[in-house]
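In case you want the letters, here they are:
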Amino acid sequence: MKIKEQLNSLIADALNAINVTDSNIQVVEAGKPEFGDYQYNGAMGLAKILKKKPRDIAQDIVANIPNSDMIEKLEIAGPGFINITISSKWIAKRVDEIKDDDRLGIAKKSNPIKVVVDYSGPNMAKQMHVGHLRSTIIGDTLANLFTFLGDDVIRQNHIGDWGTQFGMLIAYLEELGKGSEGSLKDLEQFYKDAKKRFDEDEAFATKSREYVVKLQGGDIHCLELWENFIDKSLGHCEEVYSKLGVNLTRDDVKAESSYNDDLANIIKELEDKGLLQTSQGAKCVFLEDSPNPLIVQKSDGGYLYATTDLAAIKFRCQKLKAKRVSYVVDARQSEHFKQVFEVAKKADFAPEDTILEHISFGMMLDKSGKPFKTRDGGTVKLIDLLDEAVQRAKKSITRRDTFNENELEKVAEIVGIGAVKYSDLSINRESNYIFDWDKMLSLDGNTSLYQQYAYARIQSILRKSERVLGDIKIGDELERRLALKLLQLEDILITTAKDAKPHYIASYLYDLTTLFMKFYENNPILKDGIDEDIKKSRLALASVVANTIKLSLDIMGIAVLERL
Ligand code: ARG
């Protein structure tokens, strides 16, 4: 239900009637229940333009809002706020309509666009570590959300598979000779060993450097070793994706190396468009508000991360025809993206109206506020972290006796992985994120477990009452607020997609579930002696709450449990 849009349009009609135009009509949710459900606060701004008292303007607007079965009451408060209360009958009817709908009444966009979401992007020369967790989780949620709302989403895993470090890895792989497959099982160890050889043995280091040149020159033997290495390395990433329940496959991989043949052309185009300058032998683009230029070719002829990103933008805009390209990458790269986007537009790699956005996020910190590390100061392997989440979740499940060993493992996976994802998604991505096991696996507060419990509890109520759902009848204020909340999901999802901020969904879910718990305490469903129609109405309401939790968690890539 696009409630805000409907209210905005009623306000627009009223303004029209009094010959006023406000190009940015924005009703907002009321801050307190006393102020109704929504507020329009535009009268204050119009007062200056119309040279009239805001209260008088508010009065004129209220008098001219067309009759609508949606509105129960309009009140003017304070200097000229218009408080809007939505009609209970209207709310009940709308909830009835979405009761059995898989999409909960949320339409697909009528004007879908192509969206590229660039996320995860691990570097193949390193084990996937916690640094990639946030990008992978946030990016996947956004891709799911855009898809749900109807856009045509293309996931792009821009893996780092090209560069000097690969010479070292190839040299080491070659040194180990045939049957080296085993050593790739533990990539972490493989990198460490290769690096050690590189640092200790000058001959090995020289060989590594030669391999880089050979590889980039297209030497068949080197390419073969490199491909084998990337293949294994990607296999490890896929293990992580699968444990995480993230929708990334090999088809989504568009590696840095795949742009290799375009790079010379990118430089030429920049040159032709007069954007290049040479500084200390390097080719650069100077930009007005950047202290440093964007370097696109080193003095030795080598290309850079930025050059590849320019080629990727060209590919995404011109070949894939993306109208929005969202880069889910940590905040330390913001200057890089700012410059790359600017150059891409200047060079016409991206049309002026295409949205290029850096969906930046903060660091992952431990409880004491330090960068997340293992006890001995090493980087935390993602696989280990996820396994620990499942182990910890297993311990936290209270009603263990209801599950056999197999089921318990499955439940622990859903709870543990859900907790890791939800705790990341529930905070504003721009902040640093404190990783705290106890908090994320807690039953209280804004956690996935809280949602999963609420969902399972509702399922249990529905099972006990054989799922007979009736028409919604709104009995009291709590029930009204709960039902209205259910109708607000579409507005929340639309704003979440616009701002690319998944924590809006989590906050919404937390409010919804908290409201439901209060409602359930006050309005029992299964107690004897309750009027049958009221019982069925409450069951229907509970069922829509459960469906809303499920759909929202599903967008976040988190599963629910029928029993917990
Ligand atoms: N591989 C990069 C890193 O680990 C992330 C890639 C992000 N995407 C991009 N198009 N630059 O920092």
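Residues numbered from 1 in each chain as written. Predicted model: local features only at pLDDT ≥ 70, side-chain atom pairs only at ≥ 80, totals over all residues. Heavy atoms only, no water.

A. Structural context of the sheet that holds strand β8 (residues 282-285). The three strands lie next to each other as β7-β8-β9, forming an open sheet whose pairing is antiparallel. Strands with a single pairing partner mark the edges of an open sheet, and in this sheet they are β7 (277-279) and β9 (294-297). Here the strands of the sheet are splayed against their neighbours by 50 degrees on average, with no regard to which way each runs. Pairing analysis gives three bridges linking β8 to β9, with the strands arranged antiparallel. Paired with Val 285 across the two strands is Leu 294, which belongs to β9. (Pairing = 2+ DSSP bridges. Helix = DSSP H or I, 4+ residues; strand = E, 2+ residues; numbered from the N terminus. Axes fitted to C-alpha atoms, helices over the stretch in contact; angles between N-to-C directions.)

B. Structural context of the site of the ligand. In the vicinity of the ligand, the contacting residues are Asp 118, Gly 121, Asn 123, His 132, His 158, Tyr 305, Asp 309, Tyr 327, Val 329, Gln 333 and Phe 337. Between the ligand and Asp 118 there is a distance of 2.8 Å, counted from a nitrogen atom to a side-chain nitrogen or oxygen. Relative to its free-state accessible area of 350 Å², the ligand is covered by the protein chains to the extent of 88%. Secondary structure elements with two or more residues in the shell around the ligand: α12 (305-319) and β10 (324-330). The residue makeup of the shell around the ligand, split by class, is four nonpolar, five polar and two charged. (Near = heavy atom within 4 Å. Polar contact = N/O pair within 3.5 Å; in protein donor to acceptor, adjacent residues only side chain to side chain. Areas by Shrake-Rupley, 256 points an atom, 1.4 Å probe, with all protein chains shown as cover. Nonpolar A, V, L, I, M, F, W, Y, C, P; charged D, E, K, R; others polar.)

C. Just the packing of helix α5 (residues 133-148) against helix α21 (residues 532-555), in detail. It is at 8 Å that the axes of α5 and α21 come closest, and there the two elements cross at 125 degrees. The angle between the axes of α5 and α21 places the two elements in the oblique class. Contact with α5, carried on its side by Thr 141, Asn 144, Leu 145 and Phe 148, involves Leu 551, Asp 554 and Ile 555 of α21 and no other residues of that element. A class-by-class count of the residues in the contact of α5 with α21 yields four nonpolar, two polar and one charged. (Parallel < 35°, antiparallel > 145°, perpendicular 65-115°, else oblique. Contact = heavy atoms within 4.5 Å.)

D. Representation of the environment of Asp 436 in the model. By the secondary structure assignment, Asp 436 is in the loop between β13 (433-434) and α16 (437-440). Distance in space between the C-alpha atoms of Asp 436 and Leu 365 is 8.9 Å, their sequence separation being 71 residues. In terms of polar contacts, Asp 436 uses its side chain to reach the backbone amide nitrogen of Asp 438, at 3.1 Å.

E. Looking closely at the pattern of salt bridges. Under the counting rule described, the total for this entry stands at 35 salt bridges. Note that Lys 498 and Asp 499 form a salt bridge whose closest N and O atoms lie 3.2 Å from each other. When its relative accessible area of 27% is taken as the criterion, Asp 499 is described as partly exposed. Sharing partners across several salt bridges, the network here consists of Asp 37, Glu 477 and Arg 480. (Salt bridge = Lys/Arg side-chain N within 4 Å of Asp/Glu carboxyl O. Buried < 20%, exposed > 50% of the residue type's maximum accessible area, 1.4 Å probe, protein only.)

F. Main features of the packing of helix α14 (residues 382-396) against helix α15 (residues 405-425). For the pair α14 and α15, interaxial distance at closest approach is 7 Å and the crossing angle is 120 degrees. Relative to α15, the element α14 is oriented oblique. Crossing hand, α14 versus α15: right-handed. Facing α14, whose interface residues are Leu 386, Ala 389, Val 390, Ala 393 and Lys 394, α15 presents Glu 405, Leu 408, Glu 409, Ala 412, Glu 413, Val 415, Gly 416, Ile 417 and Val 420. Here the contact of α14 with α15 is built from residues that sort into nine nonpolar, one polar and four charged. (Left-handed = near helix turned anticlockwise from the far one by under 90°.)

G. Structural view of the side chain of Lys 485. Within the secondary structure, Lys 485 sits in helix α18 (residues 477-487). With relative accessibility at 12%, the residue Lys 485 sits in the buried group. Each residue touching Lys 485, except ones within four places of it in the same chain, is listed here: Glu 29, Tyr 508, Asp 511, Leu 512 and Leu 515.

H. Spotlight on the pairing of strand β5 (residues 114-118). With four of five residues buried, β5 is to be regarded as a mostly interior element. Where β5 meets strand β6 (residues 152-156), five bridges bridge the pair, whose relative direction is parallel. Its bridge partner lying in β6, Val 115 is registered against Val 153. Taken together, β5, α5 and β6 form a β-α-β motif whose crossover is right-handed. One ladder, built from four bridges, connects β5 with β10; its direction is parallel. (Right-handed = clockwise from strand over helix to strand, strands pointing away.)

I. Broad picture of the sheet that holds β10. Strand order in this open sheet of four strands is β6-β5-β10-β11, and the pairing throughout is parallel. On the outer flanks of this sheet lie β6 and β11 (355-361), each paired with one strand and no other. This sheet shows a mean twist of 20 degrees between the axes of neighbouring strands, independent of strand direction. In this fold α5 packs onto β5, β6, β10 and β11, with an angle of close to 160 degrees to the strand it touches most, β6.

J. Examining the nonpolar core more closely. Residues Leu 7 and Phe 229 are the most contacted members of the largest nonpolar core, which totals 156 residues. For this core, the element with the highest residue contribution is α21, accounting for 11 residues. One finds Leu 270, Leu 276, Leu 287 and Ala 312 within the second-largest nonpolar core, a separate group that totals 33 residues. (Core = buried A, V, L, I, M, F, W, Y, C linked by side-chain atoms within 4.5 Å.)

K. Examining the packing of aromatic side chains more closely. By the definition in use, this model includes 16 aromatic pairs. Aromatic side chains Tyr 172 and Phe 204 sit 6.3 Å apart centroid to centroid with 80 degrees between the ring planes, which places their arrangement in the edge-to-face category. Of the two residues, Tyr 172 sits in helix α6 (residues 165-176) while Phe 204 sits in helix α9 (residues 202-216), which places them 32 residues apart along the sequence. With a centroid separation of 4.9 Å and an interplanar angle of 40 degrees, the aromatic rings of Tyr 327 and Phe 337 are classed as tilted. (Phe/Tyr/Trp six-rings, centres within 6.5 Å; stacked < 30°, edge-to-face > 60°.)

L. A look at the environment of His 358. With respect to the element layout, His 358 can be found in strand β11. It is 44 Å that separates the C-alpha atoms of His 358 and Leu 462, two residues lying 104 residues apart in sequence. When residues no more than four places from it in sequence are discounted, the contact partners of His 358 are Tyr 327, Val 329, Asp 330, Ala 331, Gln 333, Ser 334, Phe 337 and Phe 341. For His 358, the side chain forms a polar contact with the main-chain oxygen of Val 329, separated by 2.7 Å.

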